[in-house]
Amino acid sequence: MKFCRFFTAVPAAPAAHSGEAAQRSTPLYGVIEGDDVREISGPPWEAWSRAAGSWKFADVRLAAPVQPRKIVCVGRNYAAHAAELGNDVPKEPLIFLKPSTSLVGPEDAIVLTPYSQRVEHEGELAMVIGKRCSHLAESDDALSYVLGYTCLNDVTARDLQKSDVQFTRAKGFDTFCPVGPHIETELTPTDVLVETFVNGARRQSGSTSLMVYPCAFLVRWISRMMTLEPGDVIATGTPAGVGPLLSGDSVEVRIAGIGVLRNPVHARNA
Ligand code: ZN
């Protein structure tokens, strides 16, 4: 199934800044069925049923498909990406958090910050947690706690990541976490192609089979540090090929079996 969140009326002008996104009507949860979007009664990680509302997919505007309490990210999970930044592959997963306020949806602008001279894309496969879990054992089926998968762009101020000890500032600016276009439940995450395109040119490409720590390992391992709750998001790391984003760019994260997450890039107040 394909779960989404959507606005029923297209706003008069594209949102240039995250503040404008908040002024739109409240998005609904839905399932994408062919050319239609059918409203559902609540978030797909809760008990839900099909509601009466139905729209043509072409007539709605998608929002980020989740409202996570936390976004857990995994760093250096592809050897070629660790190497391109001069790092070794970590001996255990390197995790950090992005704030929920960094989240934006498809077609929302990534707004560059004057605090950084080097903002980069990181296209990643993201897992959406469907059931609460903690302290999962080796024998537990970790992926049974995952509702589905989506595309995520772990936008990073690379200069600040290097100068700060913590990743919080570099990874945490408003609009630095595009997620979407929808949650795909029918995906086996062990060998899917993750690609990032900027202005139509391919920058990143790698199969999830190249992950140092695969999806099931990550869910189990992270659950031993922090309880994972329904709607939480885990970003699984980025393949090689990260590079800069400039005002006016269009960046796409494309994942085979899911779809395309596209976002324009704007300078602040542009
Ligand atoms: Zn990342």
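Scroll up to find the structure.
This structure is a prediction, so every number in the text was calculated from the model and none was measured.

Trainee: Can you help me understand the overall build of the chain in this one?
Mentor: Across its full length, the chain carries 5 helices and 20 strands. In terms of overall dimensions, the chain is globule-like: its C-alpha atoms have a radius of gyration of 18 Å, near the 18 Å expected for 270 residues. C-alpha atoms of the chain, sized along the principal axes, occupy 50 × 50 × 30 Å. Put simply, of all contacts in the chain between residues at least 6 apart along the chain, 73% involve residues at least 24 apart. When the accessible area of the chain is evaluated, it comes to approximately 11600 Å², of which 51% is carbon and sulfur surface. Separation of charge centres in the chain, based on 26 positive and 30 negative side chains, amounts to 2 Å.

Trainee: What is the right way to read the nonpolar core from this model?
Mentor: For soluble globular proteins, nonpolar side chains are generally found buried alongside one another. The biggest cluster of nonpolar side chains holds 29 residues, and the ones touching the most others in it are Leu125, Met127, Val219, Ile222, Ile234 and Ile255. Put simply, the parts of the chain that give this core at least two residues each are strand S6 (71-75), strand S11 (123-129), strand S12 (146-153), helix H5 (215-223) and strand S19 (250-255). Counting 21 residues, the second-largest nonpolar core is a separate cluster that includes Cys73, Leu103, Phe167 and Val233.

Trainee: Explanation requested: the layout of surface pockets in the structure shown.
Mentor: The method is simple in principle: a probe with the dimensions of a water molecule rolls over the atoms, and the space it marks as empty is what remains. Approximately 230 Å³ is the volume found for the second largest pocket. Lining the second largest pocket we find 18 residues, and of these Arg76, Leu85, Asn87, Gln161 and Phe167 sit closest to its centre. Where the lining of the second largest pocket is concerned, the elements lending two or more residues are S6 and helix H3 (158-163). With 3 residues, the top contributor of residues to the lining of the second largest pocket is H3. Of the residues that constitute the lining of the second largest pocket, the class distribution is 4 nonpolar, 6 polar and 8 charged.

Trainee: Explain the coordination of the zinc ion to me, please; I cannot follow it from the model alone.
Mentor: The expected angle between donors at a tetrahedral four-coordinate metal is 109.5 degrees. At an octahedral six-coordinate metal it is 90 or 180 degrees. Taken together, Glu122 (OE), Glu124 (OE) and Asp154 (OD) make up the protein donors of the zinc ion, found 1.9 to 2.1 Å from the metal. Here the donor residues of the zinc ion are spaced in sequence according to E-x1-E-x29-D. In this pair, Glu122 sits in the loop between strand S10 (119-121) and S11 while Asp154 sits in the loop between S12 and strand S13 (156-157), placing the two residues 32 residues apart along the sequence. Asp154 gets classed as buried once you look at its relative accessible area, which sits at 0%.

Trainee: What should I look at first to understand H5 in this one?
Mentor: Because an α-helix packs 3.6 residues into every turn, residues spaced three or four apart end up facing the same way. Counting buried positions along H5 gives 7 out of 9 residues, so the element sits mostly inside the fold. Where H5 is concerned, the buried positions are Cys215, Leu218, Val219, Arg220, Trp221, Ile222 and Ser223. Tucked into the core, H5 has its buried residues touching S6, strand S7 (94-98), S11, S12 and strand S17 (233-235).

Trainee: Hey, could you run me through the pattern of salt bridges in this one?
Mentor: When the charged atoms of two side chains lie near each other, side chains of opposite charge can form a pair. What the rule picks out here adds up to 19 salt bridges. In this structure, Lys70 and Asp232 form a salt bridge, with 2.7 Å as the shortest nitrogen-oxygen distance. Of the two residues, Lys70 is situated in the loop between strand S5 (61-63) and S6 and Asp232 in the loop between H5 and S17; the sequence distance between them amounts to 162 residues. Of the two residues examined, Lys70 and Asp232, each falls in the buried class. The salt bridge partner of Lys171 is Asp154, with a shortest N-O separation of 2.9 Å. Linking Lys171 in helix H4 (residues 168-172) with Asp154 in the loop between S12 and S13, this pair joins segments that are 17 residues apart in sequence. Each of Lys98, Arg118, Glu120, Glu122, Asp154, Arg158 and Lys171 takes part in a single network of salt bridges with overlapping partners.

Trainee: What exactly am I supposed to notice about the pairing of S6 here?
Mentor: A regular strand places its side chains so that they alternate between the two faces of the sheet. The buried fraction of S6 amounts to 5 of the 5 residues, a majority that puts the element mostly inside the structure. With 5 bridges connecting them, S6 and S7 associate as antiparallel partners. Within S7, the position partnered with Cys73 by the bridge is Phe96. Where S6 lies against S17, 3 bridges are found, and the strand directions are parallel. Considered in S17, the bridge of Cys73 is made with Ala235.

Thresholds, definitions, all that
- Each chain has its residues counted from 1, following the order in which its sequence is written.
- The predicted nature of this model means local features are confined to residues of pLDDT at least 70 and side-chain atom pairs, given and counted, to a pLDDT of 80 or more, with totals for whole chains, interfaces and linings taken over all residues.
- No hydrogens and no water enter the side-chain calculation; it runs on all heavy atoms of the structure.
- Secondary structure counts use DSSP, requiring at least four H or I residues in a row for a helix and at least two E residues in a row for a strand, with both numbered from the N terminus.
- Our radius of gyration looks at C-alpha atoms and nothing else; its globule reference is 2.2 Å times the residue count to the power 0.38.
- Throughout, a residue-residue contact means that at least one pair of heavy atoms, one from each residue, lies within 4.5 Å.
- Methods summary: accessible areas were calculated by the Shrake-Rupley approach with a probe of 1.4 Å, and residue burial reflects only the protein chains presented.
- Asp and Glu are treated as the negative residues and Lys and Arg as the positive ones, with His and the ends of the chain left uncounted.
- Each charge is placed at NZ for Lys, CZ for Arg, CG for Asp and CD for Glu.
- By nonpolar core we mean a set of buried residues, namely Ala, Val, Leu, Ile, Met, Phe, Trp, Tyr and Cys, connected to one another through side-chain atoms within 4.5 Å.
- The classification of residues rests on relative accessible area computed with a 1.4 Å probe and restricted to protein chains. Under 20% of the type maximum is buried, over 50% is exposed, and intermediate values are partly exposed.
- Residues are said to line a cavity or pocket when one of their atoms sits within 4 Å of a point; the points come from a 1 Å grid over protein atoms alone, cavities being sets where a 1.4 Å probe fits but cannot get out and pockets being open sets with protein on both sides within 12 Å along at least five of seven lines.
- Grid points are joined across faces, edges and corners, and a volume is the space filled by probe spheres set on the points.
- Any residue outside Ala, Val, Leu, Ile, Met, Phe, Trp, Tyr, Cys, Pro, Asp, Glu, Lys and Arg is labelled polar, Gly included; the first ten of those are nonpolar and the last four are charged.
- Donor selection uses N, O and S atoms within 2.8 Å of the metal (3.2 Å for Na, K and Ca). Since no water is included, sites may look incomplete.
- Only one rule defines a salt bridge in this text: a Lys or Arg side-chain nitrogen within 4 Å of an Asp or Glu carboxyl oxygen.
- Here, a strand pair is defined by DSSP locating no fewer than two bridges between the strands.

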